[in-house]
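Geometric and topological summary
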Amino acid sequence: YYNQNTKIFLNGEFVLAKSAGVDLFGQSLHYGYGAFEGLRAYNTHNGTRIFKAEAHFERLRKSCESIGLPYKWNNRTLIEKCYELLEINNLRAAYIRPLVFSGSNMHLTSSEDANIMLAAWEWGPYLGQNLLNVNISKYERPNPKSFHIDAKISGQYINSILASTDAIRNGYDEALMLDQDGYVAQASSENIFIEKDYKIYTPPLGDVFPGITRKTVIGICKELGFEIIEKKLTVQDIYTADSAFLSGTAAEIIGIKQVDHIVYKEEWEHSIGATIQRKYKNLVLEQENYEVII
Ligand code: PMP
């Protein structure tokens, strides 16, 4: 993620990543009390462009507010700092990681003191480019009555780590997790979509993370005239779909080949998901004249 020369933005200054330190007596390290984001910058025909930067920083603000962590920065300034960060590190396309973390404090009450870091590195699609082999995890998503599940809070990612590590140990690429009522919610850090009888379905907000890519996919469906239905999905719905895919900033749009060894009948290349995947690439790369092939 960094080398001898990599710089990060830390509390207003660009500093060398290797010599930047954090307080070892902070709630973020001990309790996972922090908020973060994940953005992607693309090397487009119009230069380097960060996709949906405002939406990501607005979500960061809401995440901080949801746990009472002060958010004392201006989103516009932070976006400018992201572009500077990319230039300083000579990156044209990159994954960008903002992290807000608390200062020295060991109490289990919200912190008055907050720090911000922006880091960037080259990162290919998080789950690779091959169709995925996923399982239904034994781990459930966090209960929305226990956590603000629509916020991107550091500690909540232990759940993601448990589920995807378990999936990988059992020979899968990624885990699908159920919500508190036993419906399929999402993957460890991606939202899920299925195709059935030429319609696209995805679980509604409430028990799933409000992915920015999820919202983009819904917009693409509407623009291209595909029926998109937000509805609770059972494991059976997932098993009997024609095809399925995951969406996320890091993973982008990636097709699923099989769930719990049940292989989707429809060829990915012929699925609506594949069309959405192409359209998404077109959007992030700002290639407006790209023709959608169905
Ligand atoms: N679910 C979770 C738990 C996530 O952390 C993320 C973001 N990494 C997503 C879904 C996808 O969200 P987005 O499309 O905004 O990246």
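All values derive from a computational prediction rather than experimental measurement.

What follows concerns the overall build of the protein chain. Counting its regular elements, the protein chain contains seven helices and 16 strands. The C-alpha radius of gyration of the protein chain comes to 19 Å, within 12% of the 19 Å expected for a compact globule of 294 residues. Considering only C-alpha atoms, the protein chain reaches an extent of 55 × 45 × 30 Å along its principal axes. Relative to its full complement of 294 residues, the protein chain shows a buried share of 39%. Considering only contacts within the protein chain whose residues lie at least 6 apart along the sequence, 67% involve residues at least 24 apart.

For the rest of this paragraph, the subject is the site of the ligand. Taken together, the neighbourhood of the ligand is formed by 15 residues, with Phe209, Gly211, Ile212, Thr213 and Thr249 sitting nearest. Of all the secondary-structure elements, those providing two or more residues to the shell around the ligand are α5 (212-224) and β14 (243-248). The element that contributes the greatest number of residues to the shell around the ligand is α5, accounting for three residues. Class assignment for the residues of the shell around the ligand results in three nonpolar, nine polar and three charged.

This part covers helix α3 (residues 75-88). With 14 residues, α3 should reach 20 Å at 1.5 Å per residue; the first-to-last C-alpha distance of 20 Å fits that figure. Within α3, burial applies to Leu78, Cys82 and Leu85. Taken down its axis, α3 places every buried residue within 65 degrees of arc, on the same side. Among the exposed residues of α3, those oriented more than 90 degrees off its buried face are Arg76, Thr77, Glu80 and Glu87. Next to the buried residues of α3 lie β1 (7-10), β5 (47-50), α2 (53-66), β6 (94-102) and β7 (114-121). Positive backbone phi, at 60 degrees, marks Asn90, one or two positions downstream of α3.

On to the packing of α5 against helix α7 (residues 272-284). As a packed pair, α5 and α7 sit with axes 10 Å apart at the nearest point and diverge in direction by 110 degrees. In terms of their interaxial angle, α5 and α7 are classed as roughly perpendicular. For the pair formed by α5 and α7, the contact residues are Thr216, Val217, Ile220, Cys221 and Leu224 on the first element and Thr275, Ile276, Lys279, Tyr280 and Leu283 on the second.

Moving on to the nonpolar core. Ranked by size, the top nonpolar core spans 37 residues in total, and within it Val134, Leu176 and Ala244 carry the most contacts. The dominant element in this core, judged by the number of residues it contributes, is strand β15 (residues 252-259), at four residues. Sequence-distant contacts of Val134, defined by excluding residues within four places in its chain, comprise Ala167, Tyr172, Asp173, Glu174, Ala175, Leu176, Ala187, Ile256 and Val259.

What follows concerns unusual backbone geometry. Unlike most non-glycine residues, His261 shows phi in positive territory, near 70 degrees. In this fold, His261 is placed in the loop between β15 and β16 (262-263). Residue Glu286 is not a glycine yet carries a positive backbone phi of 55 degrees. Structurally, Glu286 is set in the segment after α7. We classify Glu286 as partly exposed; it has 14 C-beta atoms within 10 Å.

Our next topic: the pairing of strand β12 (residues 199-202). Both strand β11 (residues 191-196) and β12 contribute to a ladder of three bridges, which runs antiparallel. When the sheet's bridge partners are listed, Ile194 is paired in β12 with Tyr201. Hairpin remark: β11 followed by β12, antiparallel, with two residues in the connecting loop; positive phi at Asp197, about 50 degrees. Judged from the three bridges that link them, β12 and strand β13 (residues 228-230) form a sheet pairing that is parallel. Within the sheet, the bridge partner assigned to Ile200 lies in β13 and is Ile228.

For the rest of this paragraph, the subject is the packing of α2 against α3. Viewed as axis vectors pointing N to C, α2 and α3 meet at an angle of 120 degrees, and their least axial separation amounts to 10 Å. Taken together, the axes of α2 and α3 lie oblique to each other. Classified by chirality, the crossing of α3 by α2 is right-handed. Contacts between α2 and α3 pair Ala53, Glu54, Phe57, Glu58 and Arg61 from the former with Asn75, Leu78, Ile79 and Cys82 from the latter. Residues of the contact of α2 with α3, tallied by class, amount to five nonpolar, one polar and three charged.

Rules behind the numbers
- Residues numbered from 1 in each chain as written.
- Predicted model: local features only at pLDDT ≥ 70, side-chain atom pairs only at ≥ 80, totals over all residues.
- Helix = DSSP H or I, 4+ residues; strand = E, 2+ residues; numbered from the N terminus.
- Rg over C-alpha atoms; globule rule 2.2 N^0.38 Å.
- Buried ≥ 20, exposed ≤ 12 C-beta atoms within 10 Å, placed from the backbone.
- Contact = placed C-beta atoms within 7 Å.
- Near = placed C-beta within 6 Å.
- Nonpolar A, V, L, I, M, F, W, Y, C, P; charged D, E, K, R; others polar.
- Expected span 1.5 Å × (residues − 1).
- Arc of directions from axis to C-beta.
- Axes fitted to C-alpha atoms, helices over the stretch in contact; angles between N-to-C directions.
- Parallel < 35°, antiparallel > 145°, perpendicular 65-115°, else oblique.
- Core = buried A, V, L, I, M, F, W, Y, C linked by C-beta atoms within 7 Å.
- Pairing = 2+ DSSP bridges.
- Left-handed = near helix turned anticlockwise from the far one by under 90°.

By themselves these figures say nothing about function.
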